[in-house]
Amino acid sequence: MTSIFDQYEQASQVSQRSVPASEQMTSSGYINMQLNDNTPMFSKQKMNFNPSDLITHIAVSSDYLVLAMANGKLFRLDLKMPGQHEEIHYTKFVQPNTKLTSIFLDPLGYHLLMAFTPRNKDSNPELVYLHRKSSKLKAVTKSRNYEVTEVGWNYENKSINTTGPILLGTSQGHILETELETDSDKMFTASQQYWRQLPNYLPIYGGKEIDGLIFDIGKGQDTPITGIQFHRVANTTKYFVFVTTPTRLYQFIGHAMITDDKPSLQSIFYSYLTTPETGFQEIPSTLKYSKLQFYFDKTNTPKTFAWLTEPGIFYGQLDPSSQQNSNSLFTQSELINYPSNGTDSKDNTPLSFVLTEFHALLMYSDRVKAVSLLNQELVYEDKYSEVHGKLKNIVKDPIRRTIWAVTGTAVFRYKVSREERNVWRIYSDKEQFDLAKQYCQNNPAFIDIINVKQAELLFAKGDYEKSAEIYAETQSSFETVCLKFLEVEQVNALKVYLGTRLNALDDDKTLISMIVIWMTELYLSQLGTLRRTGKEDSQEYHKIQSDFEVFLLQPKVVKCMQHIKPVVYDLMSSHGDKQNLIKLTVINEDYENVVAQIIYKKSYMEALKMLQTLKKSDLFYQFAPSLIEEIPKQTVNALIAQGPSLSPSKLLPAFLSCKNDEAHVTEIIRYLEFMLQNFNVKDRAIHNYLLTLYVEYDQQALMRYLARQGQELTMVNYDVHYALRLCREKGLSEACVKLSALLGLWESAAELALEVDVSLAKSLADMPDDISLQRRLWLGIAEHVITKNQDIKEAMSLLGECPLIKIEDILPFFSDVVTIDHFREPICQSLQEYNNQIEELKAEMEDATKSAEFVRSEIHSFRGRSVLVSVVDVCCLCDIALLLRPFYLFPCGHRFHGDCLLAEMQPILTPARRKKITDIQRQLAVLPNIELSTVTSSGLPLREALRNEVDDIVASECVFCGEHMIACIDKPFIADEDWDRVMKEWE
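Note that the structure is predicted; figures quoted are calculated from it, not measured.

> Describe the pairing of strand 28 (residues 359-363), with residues and values.
Counting buried positions over the five residues of strand 28 gives five, a clear majority of the element. Alternating positions in strand 28 separate into two faces, His359, Leu361 and Met363 on one and Ala360 and Leu362 on the other, with burial throughout. Sheet topology places strand 27 (residues 352-355) next to strand 28; four bridges connect them, and they run antiparallel. What sits directly across from Leu355, in strand 28, is Ala360. The loop that links strand 27 with its antiparallel partner strand 28 comprises three residues. Relative to strand 29 (residues 367-372), strand 28 is paired through five bridges, and the arrangement is antiparallel. Counted as the bridge partner of Leu362 is Lys369 from strand 29. Linkage of strand 28 to strand 29, two consecutive antiparallel strands, is achieved through a turn of three residues.

Set out below in structure tokens:
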């Protein structure tokens, strides 16, 4: 089925769009772009249905259209089903001599109210209700004393059977609260109604007909209510109410009482009954009418409002939640003047209007005009032909947001296409740049125009740095912008512009390099100027220095520096800025150049301090030869401060290349000793070099070093053969003794030690672990002492120091002239020791004899031992009679069949024993039963010998009380591989 929106005819009248000449926008970097959208913002469609008579009233909501006609009929049409319309005679349901003044349709499109006014004094005003699914009108009886001029619908109502609480405004200025239902028996249920009686503002209770309160907004005068709206404030119990009369706009806000999830709005007006009249906006007018319109956002929340008055449209933003001004619910309000018709001012006032997000469509008797709410410019004008008659009304579907205009004979639908298209330009002209950017649809050309205009405005106001930030986001000429800031000598703003442009660049290496060099020059110039004026410690200097350091650390700048380092180094050198030069080398990791330059100038301490600051080991290795040659003590202090971060082996070339005088050698030894003692350096080259220095310059330190290294050949860190060769060349006998002993050359070490000191030889003789070697060394010492000195007392003392040698061992070393009297005491002592050893041997022999006799008696007793086996005895493994098969009987009393015991022992035997059992069983199986001639070496037949071997393996111990059972004490009763199976059996 063809939609009614597609079934329209081209309007016969000409619609023209007024295009105001706006001022020339600031040019942007985008050229030859179409900035204007030529699609009409407002277009009109005539609907293709013809009413049966002249149209007098219209109401549209939720795609449901209701027309009232002069012949007393209602035309109802569901716009979703355009072929099914309905006409109803309403005059037969109302009092005679009444005139239809207004029709009101709720947001759902289900509840219709029709207000009638009497034509003479004999009739009463009347309010009639009609449900969408009914064709029978019902009078609202309790409203017959009131001429309803406006209805405030409940936008939160979702029921099609009831209107929910609604507000009614009357021609006398009364506000009534009521609720209508579609019940067949009870078509109307009235909740409380209010009025306010002046001058005391107290509620006055009526009689039986009106059983509620009436709020009188007209102070007792007939002041018609021309508009009424109420809405909840963001998920609270607070509601606000807007009410308009021809000259006033009233605001009410308060908490409603919630009963059965329905608000009772009477409490909102309580505080206004007893307080002075406040909270209204008054605009003088001679008109008898006005109109109130709200614009709702996508969440169906009121966003803006407009009130049509004689001077103009009073327009404002709604913000009931903030309530910064307790007397006003709206902000940013203004009076929008009507576009001039060139005629009388009375004809200049619209008859009606509708509100969109950014425009107001004004309806006159013969035309419709669209005025911008932002700049009050006329953007659209549509003149109607006299063929269709005069315009009766223009309305807006609050749910579908469609706009409808009706004349006496036709209905038109207005289409709004991208009405926000020029909003960005208007906000830009009003210097509201953030809002302008929100409405430019991310169009880069529009954003560029806005940014250029904002930047120029800030530049004109003197806010240069903010202007620079925004200029950097535009497509404006780079050179032009830079010259603007240079002309006014705004270096900081220029840096901001260059920095922002730098951040936005990606692959333009040339421009990036240029900006980095330029910004570096700007920073260095500012810092140099402050240093020359003595402001190096000022806050301004530190701020610029900090910004410069942050700039140098930017990843893009660091990457660019790899290509332009020479240029930047020359810049810093020309400005004499050594501090930043060092920092830049740290960032670029280009330290070699600077350090080499400082050493070339013979500023060795400065170079050393820089190396300590940089903490780069490669640079220490590179420049250590020069520094240790010139300042050895300070260099070694710096090396020690670096600790394990430097490798001593990599510093050896520096140590070897310097002078071999005492000053240099002492410092080198100090460094090497520090590394060995604190960081346990085990590099053999380092130890050999230190040992060489000890041999050459400090023999006492050499002996301490050898003692610390110990006497374990595999544990020392130096080359022992190399050390021994050096010590022999220098004649260091004591060191040679230690080194020879370390190599296992005990005899030669002992001979060399005897040449140095006998006590050294004695200490050496006790070092070997071999007793015989110790004895030989001690005999050599004794021979040396006796043959050289013939000192009997000293020789006798050797016997006390070493128990390994006896008097008889050293007697051959004495000469024949020595008498025995000198050895009487040692000889007697030796003989006494031999006598004691003989007595100990005798006691041991007697103990051995007694043990042998005990063993013999035990063996003899076992020969007569027997065990009685009963016929009823069973095998301990299979519980079958024992005598049925060959069996084993153990002294502990356990009995086993031979085959049962073998099967039990198989799993616990070692693999070798299991293999041997298998081999023996195979031999027994192939051996003839009558084979007796084969005899083994033991004199037993082969079969008997094989069985004895099986017995020795299987029956070596009882399986229940032997060592195997003790070893299995911690073995679980159920093996891991059988656990799941056993658990299932128990289940």
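> Give a detailed account of the sheet that holds strand 18 (residues 238-244), specifying residues and quantitative values.
Through backbone hydrogen bonds, the strands of a sheet pair up, either in parallel or in antiparallel fashion. Judged by pairing direction, the sheet is antiparallel, and its four strands sit side by side in the order 17-18-19-22 without closing on themselves. Looking along the sheet, the strands with just one partner apiece sit at the ends: strand 17 (227-232) and strand 22 (280-282). Strand-to-strand twist of the sheet, defined as the mean angle between neighbouring strand axes without regard to direction, takes the value 10°. Pairing between strand 17 and strand 18: six bridges, direction antiparallel.

> Describe in detail the packing of helix 13 (residues 604-614) against helix 14 (residues 617-630), supporting the description with residues and values.
Between helix 13 and helix 14, the shortest axis-to-axis distance is 11 Å and the interhelical angle comes to 150°. With respect to helix 14, the axis of helix 13 lies roughly antiparallel. Viewed along their axes, helix 13 and helix 14 form a crossing whose handedness is left-handed. Every residue of helix 14 that contacts helix 13 at Tyr604, Ala607, Leu608, Leu611, Gln612 and Leu614 is listed here: Leu619, Phe620, Phe623, Leu627 and Glu630.

> Please give an account of a negative patch on the surface that cites residues and values.
A cluster of like negative charges, contributed by Glu840, Glu844, Glu846 and Asp847, occupies part of the molecular surface. Within the secondary structure layout, Asp847 lies in helix 27 (residues 824-863). Look at Asp847 and you get partly exposed, because its relative accessible area is 48%.

> Give a description of the environment of Ile470 that names residues and reports values.
Inspection of the secondary structure assignment puts Ile470 in helix 5 (residues 464-471). You can call Ile470 buried: its relative accessible area is 5%. Distance in space between the C-alpha atoms of Ile470 and Asn451 is 6.0 Å, their sequence separation being 19 residues.

> Could you give me a rundown of the pattern of salt bridges, with the residues and numbers involved?
Enumeration according to the criterion identifies 24 salt bridges in this entry. With its nearest N and O atoms 2.6 Å apart, the salt bridge here joins Arg922 to Asp919. Of the two residues, Arg922 and Asp919 both sit in helix 29 (residues 911-926), three residues apart, roughly one turn of that helix. Of the charged contacts in the structure, one is a salt bridge between Asp978 and Arg981, with a shortest N-O distance of 3.8 Å. With a gap of three residues between them, Asp978 and Arg981 both fall in helix 32 (residues 976-986), about one helical turn apart.

> Now, about helix 20 (residues 720-730): what can you tell me, with residues and values included?
The set of residues buried in helix 20 consists of Val720, Ala723, Leu724, Leu726 and Cys727. Buried residues of helix 20, viewed axially, fall in a sector of 165°; they line one side. The exposed residues of helix 20 that point more than 90 degrees off its buried face are His721, Arg728 and Glu729. Tucked into the core, helix 20 has its buried residues touching helix 18 (684-697), helix 19 (699-709) and helix 21 (733-742). Residue Asp719 occupies the N-cap position of helix 20, its side-chain oxygen lying 3.2 Å from the main-chain nitrogen of His721. Following helix 20 by one or two positions, Gly731 has its phi on the positive side, about 70°.

> An account of the packing of helix 5 against helix 7 (residues 491-504) is requested, with residue identities and associated values reported.
Remark: helix 5 packs on helix 7, axes separated minimally by 8 Å, with the N-to-C direction vectors making an angle of 20°. As summarised for this structure, helix 5 and helix 7 are arranged roughly parallel, according to the angle between their axes. Crossing geometry of helix 5 relative to helix 7 is assigned as right-handed. Listed contacts from helix 7 to Tyr464, Glu465, Ala468, Glu469 and Tyr471 of helix 5 are Asn492, Ala493, Val496, Tyr497 and Thr500. Considering only residue class, the contact of helix 5 with helix 7 consists of six nonpolar, two polar and two charged.

Here is what the cut-offs are and how they apply
Residues numbered from 1 in each chain as written. Predicted model: local features only at pLDDT ≥ 70, side-chain atom pairs only at ≥ 80, totals over all residues. Heavy atoms only, no water. Buried < 20%, exposed > 50% of the residue type's maximum accessible area, 1.4 Å probe, protein only. Helix = DSSP H or I, 4+ residues; strand = E, 2+ residues; numbered from the N terminus. Pairing = 2+ DSSP bridges. Axes fitted to C-alpha atoms, helices over the stretch in contact; angles between N-to-C directions. Parallel < 35°, antiparallel > 145°, perpendicular 65-115°, else oblique. Left-handed = near helix turned anticlockwise from the far one by under 90°. Contact = heavy atoms within 4.5 Å. Patch = residues over 30% accessible without salt bridge, like charges linked within 9 Å, V, L, I, M, F, W, Y side chains within 5 Å. Areas by Shrake-Rupley, 256 points an atom, 1.4 Å probe, with all protein chains shown as cover. Salt bridge = Lys/Arg side-chain N within 4 Å of Asp/Glu carboxyl O. Lys, Arg positive; Asp, Glu negative; His and termini not counted. Charge placed at Lys NZ, Arg CZ, Asp CG, Glu CD. Arc of directions from axis to C-beta. Polar contact = N/O pair within 3.5 Å; in protein donor to acceptor, adjacent residues only side chain to side chain. Nonpolar A, V, L, I, M, F, W, Y, C, P; charged D, E, K, R; others polar.

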